[in-house]
Amino acid sequence: MGLEKLVELRGIVKRFPGVIANDHVDFELRCGEVHALLGENGAGKTTLMNILYGLYQPDEGEIYIKGNRVRLRSPSDAIKLGIGMVHQNFKLVESHTVLENVILGLKEPGIRIDFEKHARKIGLLAERYGWRIDPEVKVWQLSAGEKQQVELLKILYRGADILILDEPTSVLTPQETKTLFEALRKMAAEGRGIIFITHKLGEVMEVSDRVTVMRRGRVVVTKKTSEVTKSELANYMIGRPVIFSLEKVEAKPGKVLMRLIDLEALSDKGAPALNKVSLEVRSGEILGIAGISGNGQVELAEVIVGLRKALRGKVIIDGLDVTNRSSKELIELGVAYIPPESVRWGVLPELRIVDNLFLKAYRYPPYSSNLILNWRRMFEKARKLIEEFDVITPSIFSKARSLSGGNIQRLVLARELSGLIGGAPRLIIAAYPTKGLDIGAAEFVHKLLLKHKSMGSGILFISEDLEELLMLSDRIAVMSGGRIVGILSREEASVEKLGLMMSEALPQAW
Amino acid sequence: MSLRIKTRFGILRIERRLSYTRMFSAAMSILSIALAFAVVGIILVIMGLDPIRAFSLIFGVYVKPPLLLESIKQSIPICLSALGLGIAFKMNFWNIGAEGQLYMGMIASTGIVLLHEYYGFFQGWMLLPLMLASSFILGGAWCLITGFLKAKLSVNEILPTLMLNYVAILVVDFLVHGPWRDPKGYGFPLSIEFPSYAKLTLIYGSSAYTGLLLSIAAAAAVFVLMEYTRPGFEIKVVGQSVNVARYAGISVSGVIMLGSFLSGGLAGVGGLSIVSGIIGRLRPGASPGYGYTAIIVASLAGLNPWLIVVTSIFFGGLLTAGGALQMNMGIPGSATQMIEAIIFLLILVGEFLKRYRLILERGVRD
Amino acid sequence: MIEWIESVLRLTIQVGTIYLLASLGEIYAERSGILNLGLEGIMIMGAALSFIFTLAYGHLAAILISIIVGVLMSLILAVMSVHMRLNQVVTGLALTMLGLGLSGFIASPEIRRGILLTLNPSLPENLLTTQEAPKLPEAPIPLLSEIPILGGSFFNQNVLVYVSYVAAPLMWFILFKTRFGLSLRSVGENPAAADALGVNVYLVRYLATMISGGFAGLAGAYLFLGFQPFWQEGLTAGKGFIALSLVILSTWNPLRAILGAYLFGGVETLQYRLQLFGLGAQSPYILAMLPYLVAIITLVLISYENIRKRIGVPASLGIPYSREE
């Protein structure tokens with residue numbers, strides 16, 4: 001105990017094709033501390049921790065656990081040494097019970113599983129940290145916060161004293177975050193060491209004892225949290241003072257472009273996802289949708305663009321009732337959709353760039369007549385588009401998978417926003433368009449959306465980043481549990497108010 | 001553990017290749033085939049048979065004109081089915097039912113002939129075009145059954161297409177043992193022989209040339225369809241991702257049904273080429289597994305229509321060679337199927353070697 | 001009348017056991033995420049091998065060889081699916097084609113003769129040329145086999161049928177009540193989750209695939225020795241594929257597989273009985289279609305059910321797993 005080093009990483013190097021994810025990284029974790037690992041997306045934090053957990057093998061460098069040099073060839077080795085990891089995307093078997101998930105892979109004598117014994121022990125462990133989990137419940141029925149508790153139970157059940165948490169609060173409400181932090185403090189006080197990966201500065205200040213900042217695969221600095229400020233950390237993280245410079249475009253909202261009336265819809269699992277949602281978007285305005293992801297935002301977007309059935313309610317665009325019309329008809333009405341995780345769902349990696357650009361427009365003149373495709377026109381236009389939208393690629397015939405994340409997003413924007421089908425889109429639905437992008441790529445997206453706003457389009461902008469929403473939106477609606485909790489204008493809104501609304505502490509008095 | 005295997009010589013690492021040239025790809029395919037023949041040679045030796053004689057018989061079918069023509073003839077049903085499979089597989093529709101669709105094509109063609117011979121329908125010159133159309137439609141419809149099940153009920157297509165193969169073969173069995181049996185056939189389960197104007201035109205005494213023209217025309221049609229038309233584009237998109245296809249406004253169920261119809265239709269025409277080009281009538285077991293060989297051909301040719309034509313001739317030759325091996329060396333017919341399977345497996349291994357590199361790290365101590 | 005019911009039931013169980021044995025193994029493979037389309041090929045190899053080895057050595061050797069070769073053949077699939085990450089549909093088909101070709105080859109008159117003589121040089125001439133092998137004898141269980149109707153049907157069967165009676169509940173128990181079973185099911189649903197907890201995903205998949213191969217080989221041996229000991233090419237006639245439909249029908253549950261297997265057993269029994277009633281000389285072919293059509297219908301119905309009740313295919317079925325990609 002005391003200041004004993006639980007983990008020491010020296011000179012870790014990890015390369016992937018085309019990129020150095022960890023560049024001679026040194027890191028240490030002491031007994032009883034909560035150590036934050038801070039950095040932007042792609043800084044190398046998760047890779048480093050995956051190495052510590054035995055999921056990846058380092059190309060160079062040494063790992064010391066409790067003073068002994070070790071080689072972690074797989075998670076089993078890590079688990080044996082008392083290391084446990086909770087990943088950002090939960091690694092749970094949804095169709096199994098909590099108990100089955102917790103005891104998976106546990107080495108015990110005998111072939112038979114003693115379900116009763118384990119149920120009791122898990123129950124006691126959960127109680128210790130104030131969690132209410134029934135071991136017999138199937139995991140898919142749990143909330144995100146509860147699922148995370150199951151992940152923590154998995155590690156604690158195996159007696160881990162080194163805990164790694166990867167962006168644990170990204171799926172939690174503020175209330176659940178509080179519960180988590182209390183549990184973490186308790187675990188640290190019991191002598192464990194906790195590594196906490198995040199890109200949120202506020203959390204670092206709130207819960208950590210020390211913080212290590214990483215940027216582009218390197219460690220920038222390691223300091224005691226009490227000896228550093230938020231803006232210093234931001235500086236370390238990004239390498240330059242963080243000022244978002246955007247010309248404010250005054251809203252000149254015109255007529256109502258889209259009206260949603262009491263929309264109700266189900267999620268993929270059959271649970272209610274939209275609960276009497278009503279909204280309006282005018283031309284020339286940006287309506288932001290705030291809220292923790294998973295509260296119906298994506299389902300809302302899908303219902304509007306015809307990819308999900310609305311059980312009840314209406315979608316009215318330009319006075320026309322388009323509820324439950326096909327996605328093709330919505331495209332033809334001038335509705336553009338930038339899907340969430342475009343990098344994964346919005347492009348076809350094995351097809352060429354030109355194919356991806358014309359994914360929607362291929363069936364309309366002048367790009368096809370009757371059933372025949374006019375490739376010449378498509379090639380011409382594609383070349384212009386990749387220049388206009390700054391998509392960096394050797395040729396329009398390269399496969400889309402050769403593009404980087406930011407370039408893929410530019411491709412999607414080029415496809416959706418350049419008016420290939422009958423002119424500029426009137427209504428733009430953008431779902432988390434800047435997620436996973438670096439600052440430069442995100443700025444590009446912002447500028448483009450503002451340009452379309454000034455051209456008169458109405459934009460529905462869904463994002464998890466409150467600061468981004470405040471910067472771009474004219475009005476912000478908060479969604480929680482499939483309902484619109486409230487709508488604030490930009491002047492009225494602030495991070496604190498929005499945060500409270502997201503956890504429904506304020507009534508819908510607006 | 002994942003990508004590392006400890007061997008006596010060090011650690012074997014499996015790493016994904018960043019890219020590979022077409023030359024490399026072709027070289028690997030040829031290497032696989034060569035290896036397959038090596039394996040076959042070994043088996044022959046173990047069986048106490050002369051591999052040199054066997055191989056010379058095999059290579060002979062590609063070189064001696066009468067055998068080469070026979071190889072081409074045998075390649076036609078394979079080629080047509082494989083072209084159909086090229087469409088289906090591009091769409092991620094695992095059509096294992098080409099064999100049954102071939103049989104349905106045979107039924108349709110024979111039906112037209114019988115309508116003419118027994119009931120006087122149609123003029124003679126109409127027969128072949130009608131047979132072409134009907135075999136396409138019936139073969140297409142047979143595959144469409146499964147296409148419909150997949151599109152509307154999300155049933156996985158592998159088992160239904162497979163089951164329908166057995167059903168189709170039984171339908172033919174039923175017909176040639178019963179209502180369609182040639183009354184003058186001495187009780188054998190055969191249909192009447194087709195009149196000459198219902199058979200593929202003989203040029204220099206062989207239907208191989210007409211058949212080859214048919215193959216090439218079909219390959220051209222498939223090429224144009226996939227590269228230059230809207231349905232072809234939609235098929236490719238659906239094959240890549242059903243979700244992205246919906247997002248793009250494509251009617252996924254429509255595409256699946258169209259694609260399955262076209263795929264089965266081409267195989268149906270393959271059936272026509274069997275009854276009109278190879279056998280001259282309908283009988284049980286008319287196909288020695290052309291529909292299954294087509295799967296190997298389509299995979300090996302990477303779904304490329306032109307490569308499919310060439311590869312089909314290679315496999316048509318293997319079938320012919322199988323016959324020669326049986327007659328001259330007493331090697332049972334099932335050997336051909338075995339050889340095909342070995343080639344297939346080794347080609348798949350070759351696929352793996354194309355995509356991944358094996359690196360042996362010697363003497364690395366953990 | 002009672003005798004008639006008993007004989008129908010008996011035949012149903014006899015036929016059903018073929019499907020039961022084949023599907024029990026495949027359930028394990030699919031539960032771990034591997035689709036073994038090579039089942040048909042392994043089954044027919046099991047049949048061919050049991051033909052040859054029964055003539056050379058006897059029943060026990062034949063059954064053991066069939067199981068071992070089944071395991072080895074599925075090992076090919078395992079390597080290609082797990083380590084080479086090749087498409088499982090295509091690999092499985094190739095394996096089936098190999099099995100069909102190889103079985104026809106080794107069982108063909110000349111080759112078979114050579115193999116038999118190599119194995120047992122003192123075999124008499126009639127055994128070298130026969131197409132038939134001695135059938136597995138019935139082993140009625142004393143007392144139990146005397147129960148009216150049920151006794152005669154269930155407990156007057158050959159030893160492999162009794163093996164299936166024990167195997168099915170045992171496989172169910174292992175799958176749902178042991179650590180190995182939990183690991184296996186988890187690998188099939190979410191291999192990343194299992195991997196992160198130290199479960200050896202590759203090993204589990206290898207074992208599961210080999211289990212399916214072993215059972216398929218056994219099913220082939222049973223088909224030949226226990227049911228129809230006359231060798232013909234294409235003996236299995238798609239039974240391996242029907243077993244695959246059975247796996248889906250049983251929602252990957254060994255106990256439900258019993259019901260499904262006897263359902264198909266019943267359909268085939270019906271087919272034979274109707275033939276006996278002389279429904280025309282042409283009928284054999286129409287009736288023979290029954291099992292395949294029933295398979296398709298059950299697949300459609302179960303798809304419908306699954307969508308409604310959200311019962312899932314093992315989520316990672318057919319998808320190769322890799323940690324670093």
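All values reported here derive from a predicted model rather than from experimental measurement.

1. A look at the overall build of chain A
Across its full length, chain A holds 17 helices and 22 strands. Here the C-alpha coordinates of chain A stretch approximately 70 × 50 × 50 Å along the principal axes. Counting over 510 residues, chain A shows a buried share of 46%. Considering only contacts in chain A between residues 6 or more positions apart, those separated by 24 or more positions represent 69%.

2. Examining the overall build of chain C
Along chain C, the regular secondary structure elements total 15 helices and zero strands. Considered along the principal axes of its C-alpha atoms, chain C spans approximately 60 × 50 × 45 Å. In chain C, which comprises 325 residues, the share counted as buried stands at 54%. A fraction of 78% describes how many contacts in chain C between residues 6 or more apart in sequence connect residues 24 or more apart.

3. Examining unusual backbone geometry
Cis geometry marks the peptide bond from A:Pro365 to A:Pro366, where omega comes out at 0°. Tracing the backbone shows A:Pro366 in the loop between α12 (353-357) and β17 (368-369). In this structure, A:Asp390 is a non-glycine residue whose phi angle is positive, near 60°. When you line up the elements, A:Asp390 lands in the loop between α13 (375-388) and α14 (405-417). Phi at B:Ser154 takes a positive value of approximately 55°, unusual for a residue other than glycine. Topologically, B:Ser154 is positioned in the loop between α5 (127-153) and α6 (158-177). With 12 C-beta atoms counted inside 10 Å, the residue B:Ser154 sits in the exposed group.

4. Let's talk about the interface of chain A and chain B
Each side of the interface is counted separately: chain A has 21 residues, and chain B has 18 residues. The element best represented in the side of chain A that touches chain B is helix α10 (residues 327-332) of chain A, accounting for three residues. Taken together, the residues that form the side of chain A that touches chain B break down as twelve nonpolar, three polar and six charged.

5. With respect to the interface of chain B and chain C
Taken together, the contact between chain B and chain C spans 41 residues of the former and 44 residues of the latter. For the side of chain B that touches chain C, the secondary structure elements donating two or more residues are α5, α6, α11 (290-300) and α13 (334-355) of chain B. For the side of chain B that touches chain C, the per-class residue count stands at 29 nonpolar, nine polar and three charged.

6. Here we look at the confidence of the model for chain C
Chain-level pLDDT for chain C is 88 on average; 96% of the residues reach the 70-or-more range. Under the prediction, the complex receives an ipTM of 0.89, its pTM being 0.86.

7. Re the sheet that holds strand β11 (residues 256-266) of chain A
All names here are of chain A. Judged by pairing direction, the sheet is antiparallel, and its four strands sit side by side in the order β12-β11-β14-β15 without closing on themselves. Every other strand in the sheet has two partners, leaving β12 (272-282) and β15 (320-321) as the edge strands with one partner each. Here strand β14 (residues 312-317) pairs with β15 via two bridges, running antiparallel. When the bridges of β15 are listed, Ile 316 appears paired with Asp 321. With respect to the sheet, helix α9 (residues 297-304) is in contact with β11, β12 and β14, its orientation differing from that of β12 by roughly 65°.

8. Here's the deal with the packing of helix α9 (residues 179-189) of chain C against helix α11 (residues 201-227) of chain C
Residue and element names in this part refer to chain C. For the pair α9 and α11, the least separation of the axes is 10 Å and the interaxial angle reads 105°. In terms of orientation, α9 and α11 fall into the roughly perpendicular class. Every residue of α11 that contacts α9 at Ser 183, Leu 184 and Val 187 is listed here: Val 201, Val 204, Arg 205 and Ala 208. Of the residues assigned to the contact of α9 with α11, the class counts are five nonpolar, one polar and one charged.

9. Considerations on the domain arrangement of chain A
Residues and elements named next belong to chain A. By the assigned domains, chain A splits into domain 1 (5-238), domain 2 (244-334 + 426-510) and domain 3 (352-424). Placing a centre on the C-alpha atoms of domain 2 and another on those of domain 3 gives a separation of 26 Å. Elements represented by at least two residues in the side of domain 2 that touches domain 3 include exactly α10 and α15 (439-454). Per element, the largest residue contribution to the side of domain 2 that touches domain 3 is five residues, and it comes from α15. Partitioning the side of domain 2 that touches domain 3 into residue classes produces nine nonpolar, four polar and two charged.

10. Examining the pairing of β11(A)
All names here are of chain A. Looking at chain direction, β11 and β12 are connected through eight bridges and run antiparallel. Pairing of Ala 265 across the sheet is with Leu 274, part of β12. In sequence, β11 turns back onto β12 through a hairpin of five residues, with Gly 270 there showing a positive phi of about 95°. Here five bridges tie β11 to β14, and the two strands are oriented antiparallel to one another. Within the sheet, the bridge partner assigned to Arg 259 lies in β14 and is Ile 316.

11. Some remarks on the sheet that holds strand β22 (residues 483-489) of chain A
Residue and element names in this part refer to chain A. The strand order β16-β19-β20-β13-β21-β22 describes an open sheet built from six strands, whose pairing is mixed. Looking at the sheet topology across the chains shown, the edges are occupied by β16 (335-338) and β22. Across this sheet, the average inter-strand angle for adjacent strands is 15°, counted without regard to direction. With four bridges connecting them, strand β13 (residues 286-290) and strand β20 (residues 458-462) associate as parallel partners. Opposite Leu 287, over in β20, you have Leu 460 as the bridge partner.

12. Examining the packing of helix α4 (residues 98-119) of chain B against α11(B)
How two helices pack is summed up by the angle between their axes together with the distance between the axes. Residue and element names in this part refer to chain B. Where α4 contacts α11, the two axes come as close as 7 Å, and the packing angle between them is 130°. Relative to α11, the element α4 lies oblique. Read as a crossing pair, α4 and α11 show a hand that is right-handed. Across the interface between the two elements, Ala 98, Glu 99 and Leu 102 from α4 touch Tyr 290, Gly 291, Tyr 292 and Ala 294 from α11. For the contact of α4 with α11, the residue count by class is five nonpolar, one polar and one charged.

13. Re the environment of A:Pro394
Residue and element names in this part refer to chain A. Locating Pro 394 in the fold gives a position in the loop between α13 and α14. A tally of 8 C-beta atoms within 10 Å means that Pro 394 is categorised as exposed. In this structure the C-alpha to C-alpha distance between Pro 394 and Ile 133, which are 261 residues apart in sequence, comes to 54 Å.

14. Observations concerning the environment of B:Pro179
Residue and element names in this part refer to chain B. Inspection of the secondary structure assignment puts Pro 179 in the loop between α6 and α7 (208-228). What makes Pro 179 exposed here is the crowd of 10 C-beta atoms within 10 Å. For the pair Pro 179 and Leu 360, spaced 181 residues apart in sequence, the C-alpha to C-alpha distance is 65 Å.

15. Some thoughts on helix α6 (residues 174-189) of chain A
Residue and element names in this part refer to chain A. Between its first and last C-alpha, α6 extends 23 Å over 16 residues, near the 22 Å set by a 1.5 Å rise per residue. Every buried residue belonging to α6 is among Glu 176, Leu 180, Leu 184, Met 187 and Ala 188, and all of these are buried. Across the axial projection of α6, the buried residues extend over an arc of 110°, all falling on one side. Turning to α6, the residues buried within the fold contact β3 (34-38), α5 (144-157), β7 (162-166), β8 (193-198) and α7 (201-207). Of the residues one or two after α6, Gly 191 is the one with positive phi, at around 105°.

16. Topic: helix α2 (residues 51-63) of chain B
Residue and element names in this part refer to chain B. Its 13 residues place the ends of α2 18 Å apart at the C-alpha level, agreeing with the 18 Å of an ideal helix rising 1.5 Å per residue. When α2 is considered as a whole, its buried residues turn out to be Ala 54, Leu 57, Ile 58 and Val 61. The buried side chains of α2 occupy one side of the element, clustering within an arc of 95° when seen end-on. Turned more than 90 degrees away from the buried face of α2, the exposed residues are Ile 52, Ser 56 and Val 63. Tucked inside the fold, the buried residues of α2 contact α1 (22-46), α3 (65-90) and α12 (305-329).

17. Digging into the confidence of the model for chain A
Residue and element names in this part refer to chain A. On average, residues of chain A score 86 in pLDDT, and 95% of them are at 70 or above. Throughout residues 241-245 the model reports pLDDT below 50, and contacts reaching past four residues in sequence, or to other chains, amount to three contacts. Low confidence marks residues 505-510, where pLDDT is under 50. Its contacts with residues over four positions away, or in another chain, come to eight contacts.

18. Observations concerning the pairing of β8(A)
Within a regular strand, side chains alternate between the sheet's two faces. All names here are of chain A. For β8, the tally of buried residues reaches six of six residues, placing the bulk of the element in the interior. Going residue by residue along β8, you find Gly 193, Ile 195 and Ile 197 tucked away on one face and Ile 194, Phe 196 and Thr 198 tucked away on the opposite face as well. Pairing between β3 and β8: five bridges, direction parallel. Bridging across to β8, His 35 finds its partner in Ile 195. When β7 meets β8, the two strands line up parallel, connected through five bridges.

Definitions and limits used
- Residues numbered from 1 in each chain as written.
- Chains lettered and ligands numbered in written order.
- Predicted model: local features only at pLDDT ≥ 70, side-chain atom pairs only at ≥ 80, totals over all residues.
- Helix = DSSP H or I, 4+ residues; strand = E, 2+ residues; numbered from the N terminus.
- Buried ≥ 20, exposed ≤ 12 C-beta atoms within 10 Å, placed from the backbone.
- Contact = placed C-beta atoms within 7 Å.
- Nonpolar A, V, L, I, M, F, W, Y, C, P; charged D, E, K, R; others polar.
- pLDDT = per-residue confidence, 0-100.
- Pairing = 2+ DSSP bridges.
- Axes fitted to C-alpha atoms, helices over the stretch in contact; angles between N-to-C directions.
- Parallel < 35°, antiparallel > 145°, perpendicular 65-115°, else oblique.
- Domains from an automatic or database assignment.
- Left-handed = near helix turned anticlockwise from the far one by under 90°.
- Expected span 1.5 Å × (residues − 1).
- Arc of directions from axis to C-beta.

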